[in-house]
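Commentary on secondary and tertiary structure
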There are 2 protein chains.
Amino acid sequence: MSFVGYKCGICGEEFSPEEVRYRCEVCNGPLLVTYDFAGLAGKVTAEDFAARRPGLWKYRELLPVNPSTEPVSLGEGATPMYKAGTLGSSEGLSNLFIKDDGRNPTGAFKDRGTTVGMTVAVERGIHSVGTVSHGNMGTSVAAYAARAGRTCYLLVPENITTERLLYLSIYGAKVIQVVGRYDSLYDKSLSIAKKKDILFINCDNPFRIEGQKTMAFEIVEDLGWDVPNWVVAPASSGGMVSALYKGFLEFKELGIVTDVPRIAVVQPEDAQPIVSAFVNGTESVEPMEHESDTIVRSLGNPYPPSGNLVLKLLRELDGTAIAVSDEETTSAQRDLARMEGICVEPAGAIALAALRRLVKLGRIKRSEKVVLVASGFGFRDVGDADKLIDKPVTVDMKDLESIVAKS
Amino acid sequence: MSFVGYKCGICGEEFSPEEVRYRCEVCNGPLLVTYDFAGLAGKVTAEDFAARRPGLWKYRELLPVNPSTEPVSLGEGATPMYKAGTLGSSEGLSNLFIKDDGRNPTGAFKDRGTTVGMTVAVERGIHSVGTVSHGNMGTSVAAYAARAGRTCYLLVPENITTERLLYLSIYGAKVIQVVGRYDSLYDKSLSIAKKKDILFINCDNPFRIEGQKTMAFEIVEDLGWDVPNWVVAPASSGGMVSALYKGFLEFKELGIVTDVPRIAVVQPEDAQPIVSAFVNGTESVEPMEHESDTIVRSLGNPYPPSGNLVLKLLRELDGTAIAVSDEETTSAQRDLARMEGICVEPAGAIALAALRRLVKLGRIKRSEKVVLVASGFGFRDVGDADKLIDKPVTVDMKDLESIVAKS
């Protein structure tokens, strides 16, 4: 295994790999897994990867598990990336792509991180896992825990809806509704993790980030081992964006690509702590004071644990950040379904809404190659359903023929 | 293209390939596409197929479209087949596999048939398509029609629920609620198809069957180019089972396998026209008189258009048929989620319920290699939710640590 340690994404402090670690003991920044890149140089190439069976475990030299460990897998990764024909034409972009990551086993990109986290749990003999989530991540961790035969704790706020409870509970996880400030649960979970030897595969757990970075690897492979000019991606905790950057940077380090794409981060107007900090030029991300009621429910994190890291990366690597309204997101969702045949949750469509603004602002040029990240499918929570559909027609059988036009 | 014509699945009458055809003009049996197998012999081999990009279009010599036609694709096929470890042990079967076909783009095996039907529509310049369905098939046809830029008519019963309407309408299809006997709509749609030049990609449309047969091809490939002893599969219209048999038989014809597996067909007790006919030894499938209220909503077809063909195949090829209760299905659903991490709709779990009965009856031996078809995911309609989940625990933040056990 070429996993050699952890390094803080913020201050750069390094830690040894033996223990499971989450955050920097010096500055509390999110830790990232490091590899022996000198040892890997020349040993992993685009040709090697291209020849392997599809799925994110093909990149296993760049994942923090032993080569002999059997992955806990539900067939994650290798999601389709479509060239957006109809939509691309309508936007005037001839090189527009959609990475449909809702095609993962439980419907969201989270499965990439969970498969790696769960495999680490099994490899290290950790019998219980958990996460702080009442959305896609909770469902994902519960599913993989079932597959791996691990006890699973999902820490959720009180009074979650019946719909959410169903897909958190169906895999047999212990769902715990915690009375108290939900935003303090992330820290609380890490303290419980340490005391009880439970692996909390939270939003920016270092192993989760390793899995999620494979989306960047796949984007490069999908484009014929090249990078796009832009990746437009949603942010909540910031874990997806920090993972995307890590993936592109590692492929650059290995000489598989020569450049790193710019990333445009998008958040809903009513839940935009990262965007606000970026736009206002503040040094760090401030917690959101209000409770957001955006329809983009997957992006409501009031205090993104990887927010400062994303801010730093965006500034260092010429990225950008923008917020859009819920109306723009719903309209993007409608267009993705009707023009491309892809049904996504609001968080899966918000990148398209952002693209439209960024093109108008001239930040993204129509000639550039752009990848939109569609982070989750719409089959569990489609958002504002009423605005997405038209009323059906009702007709008597005998009149059916007359209302159907000739092809 | 090696597509040379159509042959009636019941009487064997043959028809030329130029026109779009649905049913036999002699006996009204379902038509099946035929190929020039003599011409294909030796030209398509397991090695060829294995070397190609994953997805059902890899089998294109055995699909009824020109080699140069670009498929209308959303990344269908190449669904995972899992070895069921925990579940296999608990059932005492060491060679139990689950083909997770709910991992198709819109969540069900139907996408296999729709991608082929829609590609035929585009290739033949047919601008409008349709289907008779208010379930998975309707959603699938609507999605692919959007991708292909075709007008799409979905013929549904009146007063469909808001939940169903959402995923039928989101892709922009024209949803038509027809007042009248729903079971006569299949025939009505075929008459409209002819008059208005619309391709109705119904449950046993010959092109749909071609796409759906690729599940058999993949099962063979997943097992290292071998067949299992048994495939256990749900039946509604009969289109999945007739397609599975067609796939296995074609691979046998080409010498890729030497045998055809036995198929066990399962239906819910309250909607079992095919099973009844098989068990009672009647010559043909009788229409169901009552309206079924089984929770296995995807399997409610009262008069399966491919029922007689399935009956014939089961008898010729030593298959079997069995009905199970809704309680057994729900229990199977629960076990698939909790033991294997797979969330399926009731129709996706009914094969496991059937397996349990067939093992008990001695029809399937524990030593045999068995593939269960999980036909659709559970994220749109999970069935009897209350029986699938446990109540969550509620606890104050300060007591959280005490209720979490050490790993």
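Residues numbered from 1 in each chain as written. Chains lettered and ligands numbered in written order. Predicted model: local features only at pLDDT ≥ 70, side-chain atom pairs only at ≥ 80, totals over all residues.

1. Overview of the nonpolar core
What counts here: For the purposes of this analysis, a nonpolar core is taken to be any set of buried Ala, Val, Leu, Ile, Met, Phe, Trp, Tyr and Cys residues that are connected through C-beta atoms within 7 Å. With C-beta atoms placed from the backbone, a residue is labelled by how many other C-beta atoms lie within 10 Å of its own: buried for 20 or more, exposed for 12 or fewer, partly exposed between the two. C-beta atoms are placed from the backbone for every residue, and two residues are taken to be in contact when these atoms lie within 7 Å.
In this structure, Val232 and Val265 of chain A together with Val232 and Val265 of chain B are the most contacted members of the largest nonpolar core, which totals 278 residues. Excluding residues within four positions of it along the chain, Val265 of chain B makes contact with Ala233, Ala235, Val241, Ile274, Val275, Val310, Leu314, Gly319 and Ala321 of chain B.

2. Looking at the interface of chain B and chain A
Heads up, the rule is: Comment: elements are numbered from the N terminus, with helices defined as DSSP H or I runs of at least four residues and strands as E runs of at least two. Each residue receives one of three labels: charged for Asp, Glu, Lys and Arg, nonpolar for Ala, Val, Leu, Ile, Met, Phe, Trp, Tyr, Cys and Pro, and polar for the others, Gly being one of them. Strand pairing is defined by DSSP finding a minimum of two bridges between the two strands.
Across the contact, 60 residues belong to chain B and 60 residues belong to chain A. Among the elements of the structure, helix 5 (136-148), helix 6 (162-169), strand 8 (174-179), helix 7 (185-196), helix 13 (326-340), strand 14 (393-396) and helix 15 (400-403) of chain B are those that each provide at least two residues to the side of chain B that touches chain A. Looking at which element gives the most residues to the side of chain B that touches chain A, the answer is strand 8 of chain B, with 6 residues. Taken together, the residues of the side of chain B that touches chain A break down into 32 nonpolar, 13 polar and 15 charged. Where strand 8 (residues 174-179) of chain A and strand 14 of chain B come together, 4 bridges link them in parallel fashion. Bridge assignment links Ile176 of chain A to a residue of strand 14 of chain B, and that residue is Val393 of chain B.

3. Here we look at the pairing of strand 11 (residues 262-268) of chain B
Residues and elements named next belong to chain B. Judged by how many residues are buried, strand 11 sits mostly within the fold: 7 of 7 residues are covered. With burial as the criterion, each face of strand 11 is covered, one bearing Arg262, Ala264, Val266 and Pro268 and the other bearing Ile263, Val265 and Gln267. In terms of strand pairing, strand 10 (residues 230-234) meets strand 11 through 5 bridges, oriented parallel. Counted as the bridge partner of Trp230 is Arg262 from strand 11. Pairing analysis gives 5 bridges linking strand 11 to strand 12 (residues 320-324), with the strands arranged parallel. Within strand 12, the position partnered with Gln267 by the bridge is Ala323.

4. A closer look at the relation of the copies chain B and chain A
For clarity, the cut-off: For this overlay, a least-squares fit was computed on C-alpha atoms, restricted to residues scoring pLDDT of at least 70 in both copies.
Expressed as a screw operation, the relation of chain B to chain A combines 0.0 Å of axial shift with a rotation of 180°, fitting to an RMSD of 0.0 Å. In symmetry terms, the pair is related by a two-fold rotation axis. Looking at chain B, 98% of its interface residues are interface residues in chain A too, so the copies touch through the same face.

5. Considerations on the pairing of strand 10 (residues 230-234) of chain A
All names here are of chain A. What counts, and what does not: Note on handedness: a clockwise path from strand one over the helix to strand two, with the strands aimed away from the viewer, defines a right-handed crossover.
Taking burial as the measure, the 5 residues of strand 10 include 5 buried ones, the bulk of the element. A two-sided burial pattern is seen for strand 10, the buried positions comprising Trp230, Val232 and Pro234 on one face and Val231 and Ala233 on the other. What joins strand 10 to strand 11 (residues 262-268) is helix 10 (residues 239-253), and the crossover it makes is right-handed. Direction of pairing for strand 10 relative to strand 13 (residues 370-374): parallel, over a ladder of 3 bridges. Note on strand 13: the bridge partner recorded for Val231 is Val371.

6. A closer look at the sheet that holds strand 5 (residues 96-100) of chain B
Residue and element names in this part refer to chain B. Convention followed: Whenever a helix is involved, its axis is fitted only over the stretch in contact; in every case the axis is a line through C-alpha atoms, and angles between N-to-C directions fall within 0 to 180 degrees.
The mixed open sheet is built from 6 strands, whose spatial order is 4-5-13-10-11-12. Lying at the two open borders of the sheet, with one neighbouring strand each, are strand 4 (81-83) and strand 12. Put simply, the sheet's adjacent strands are angled 25° from each other on average, direction ignored.

7. Concerning the environment of Asn95 of chain B
Residues and elements named next belong to chain B. The topology assignment puts Asn95 in the loop between helix 3 (85-91) and strand 5. Each C-alpha atom, one on Asn95 and one on Pro228, is 9.1 Å from the other, the two residues being 133 residues apart in sequence. The residues contacting Asn95, other than those within four sequence positions of it, are Glu368, Lys369 and Val370.

8. Topic: the sheet that holds strand 5 (residues 96-100) of chain A
Adjacent strands of a sheet form backbone hydrogen bonds with each other and so pair up, either parallel or antiparallel. Residue and element names in this part refer to chain A. Taking strand neighbours across the sheet as the criterion, the 6 strands line up as 4-5-13-10-11-12 in an open arrangement whose pairing is mixed. The two strands at the open ends of the sheet, each matched to only one other strand, are strand 4 (81-83) and strand 12 (320-324). The sheet shows a mean angle of 25° between the axes of neighbouring strands, direction not considered. Along the sheet face, helix 11 (residues 273-280) touches strand 11 and strand 12 and points at about 125° away from the line of strand 12.

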